[in-house]
Structures are given as structure tokens and as C-alpha cells.
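These are the residues of each chain, in order.
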Amino acid sequence: MSSTLPVFSVDELPAESRTRLTGPEGKHAATVRRMRSGERLVLSDGRGGLAECSVVEALRDALELEVRQRREVPPSEPRVDLVQALVKGDRGELAVELATEAGVDSVIPWRAERCVAKWDDGPRGAKALARWRNAALQAAKQARRAWTPTVEEPVGTAAVAELLPGYTTALVLHESGECSLPEITLPRSGRLALVVGPEGGLTEAELNALCAAGARPVRLGPEVLRASTAGAVALGALGALTGRWA
């Protein structure tokens, strides 16, 4: 199955040899991508399932498809969840997009104390969360990923501290770290949490709470990265250091 074919998202992979791609994805394929008979594409359920298909007929806003091949892609090991502090404006969506391209498995939006962005529990917060989720979906398709990262509901520091003991390893990117990422022993399986703070940095109380919950402060490198890019850079390093990219 070619990894360079365009990918379209579906709720479920087709069970039969013939199927129709409809809805927004079908309209995009037919009217924007202008796919025609004989061309090939991949359907992804975002949970590891892929189906390579050939276009049988292009309709006005849908495609008739023939399923040529199916396969299941296992999840990466170790699983990496990114606890990402809220970032103002479209840089938050950029953080999710880059992390998705770098292989993140889940993103947990974090309402850190010094976040400039404030997601309320009303419509504005729901719209911001929807934008993050859409960024993950679109980036997963662009990167030809079989697994689309989940973007969870936003949480505060206390909730993050409650989550961290459940991980095999928890790392918080911070200048106080005595070791850099390549210097520590990383798990080859299980679950790894990666915590990225806001542009204004972590408060002492937040850092203490995370460390008390089992997180280890680590330095990513000699440079100071923005909150929107640090997660993706760390994920790239983890991909090479843990064998996730093997």
C-alpha cells in the first residue's frame, strides 16, 4: 500500500469491496481534488485501519470506490501523550499540527497558570478545542498517518498531576533539568507523558506539583524553544531515541 496516496478520513472502513465516499470528504475528493476514474486513494479510520481504493466513478460531490487492499497499522511504542499548555491564537493549532506530524498519540490541553490563552467552559472554549481537534485530523491526513491523535478536554494543573502517576515515564521540559533528553533512560514500551509549559514558563508551584507526581525535568537542548514548537522537537528526539521510528 503506497504511503504517498491522498488520505481521506472515514468513521469506519468499508466492509464490502465497493463503497461510496460521501460527506465533506467525498465532496473534497470530487470537487477540490478532482479525482477521476482509475485514480487511487486511501481511506483511514484514524484507529490504525487503512483501505487502499480505486475510483470507479466520480460523482458531483462523492466518489464510487473499489477496495483493493486493507491493512492494520499497530500503534507506536511507547505511546506518547503531549500535555500542551494553551498557546494564544493560531500558534496553539500549530503546536497540535506539528506534534501530530511528529507522531504524538494524544494531546491534553493544559490550563497552566501563565497561559495567555484562556479557554472558558462555554462556546468560545468549545470552538478553540474544535480547532485543535481539526488541526490534528488534517495534519494526520497530510502526514499519511494511520492513527489520528485524540485531543482531550482541557485540564488544570491538579488534573495533570493526577494523570502523571499512570505513566511509565513522565517528562517535563524545563531549564532546571539536570539531564538533557538523550542522557536519560527512556522506556521502549508503555506510556510516556511529555509536558510542555506556556510561553511565560512554569510557576514554581506547578513545577513542584508535577515533580511530586513523578515527572522528571529534562532539558531539550541549549536553545529556548517556543511553546508551540517544543513538543514537536521533543517528539522527534523521542522517535529516534526510543525506536518509535524504527
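Residues numbered from 1 in each chain as written. Predicted model: local features only at pLDDT ≥ 70, side-chain atom pairs only at ≥ 80, totals over all residues. Heavy atoms only, no water.

Topic: the domain arrangement of the protein
Then, in step 1: Each assigned domain of the protein is listed here: domain 1 (7-72) and domain 2 (79-241).
Then, in step 2: Each of domain 1 and domain 2 was reduced to a C-alpha centroid, and the two centroids are 32 Å apart.
Then, in step 3: If you look at the interface, domain 1 gives 10 residues, while domain 2 gives 7 residues.
Then, in step 4: Both faces combined, the contact of domain 1 with domain 2 buries some 640 Å², and carbon together with sulfur accounts for 57% of it.
Then, in step 5: Along the contact surface separating domain 1 from domain 2 lie 1 salt bridge.
Then, in step 6: Applying the counting criterion to the domain 1 and domain 2 interface returns 3 residue pairs in polar contact (both at pLDDT 80 or more).
Then, in step 7: Elements supplying a minimum of two residues to the side of domain 1 that touches domain 2: strand S1 (7-9) and strand S4 (49-58).
Then, in step 8: If one sorts the elements of the side of domain 1 that touches domain 2 by residue count, S1 sits on top with 3 residues.
Then, in step 9: Residue composition of the side of domain 1 that touches domain 2, by class: 3 nonpolar, 5 polar and 2 charged. (Domains from an automatic or database assignment. Contact = heavy atoms within 4.5 Å. Buried area = accessible area lost by both parts, 1.4 Å probe. Salt bridge = Lys/Arg side-chain N within 4 Å of Asp/Glu carboxyl O. Polar contact = N/O pair within 3.5 Å; in protein donor to acceptor, adjacent residues only side chain to side chain. Helix = DSSP H or I, 4+ residues; strand = E, 2+ residues; numbered from the N terminus. Nonpolar A, V, L, I, M, F, W, Y, C, P; charged D, E, K, R; others polar.)

A short note on the sheet that holds strand S2 (residues 18-21)
Then, in step 1: If you walk across this open sheet you meet the 5 strands as S1-S3-S4-S5-S2, and the pairing is mixed. At either end of the open sheet lies a strand with only one pairing partner, and these are S1 and S2. The average angle at which neighbouring strand axes cross in this sheet is 40°, direction not considered.
Then, in step 2: As paired strands, strand S3 (residues 40-44) and S4 are joined by 5 bridges and run antiparallel to one another. Following the sheet pairing, leucine 43 is matched in S4 by alanine 51.
Then, in step 3: Sheet strands in contact with helix H1 (residues 23-32) are S1, S2 and strand S5 (63-72), and its direction is about 150° off that of S1. (Pairing = 2+ DSSP bridges. Axes fitted to C-alpha atoms, helices over the stretch in contact; angles between N-to-C directions.)

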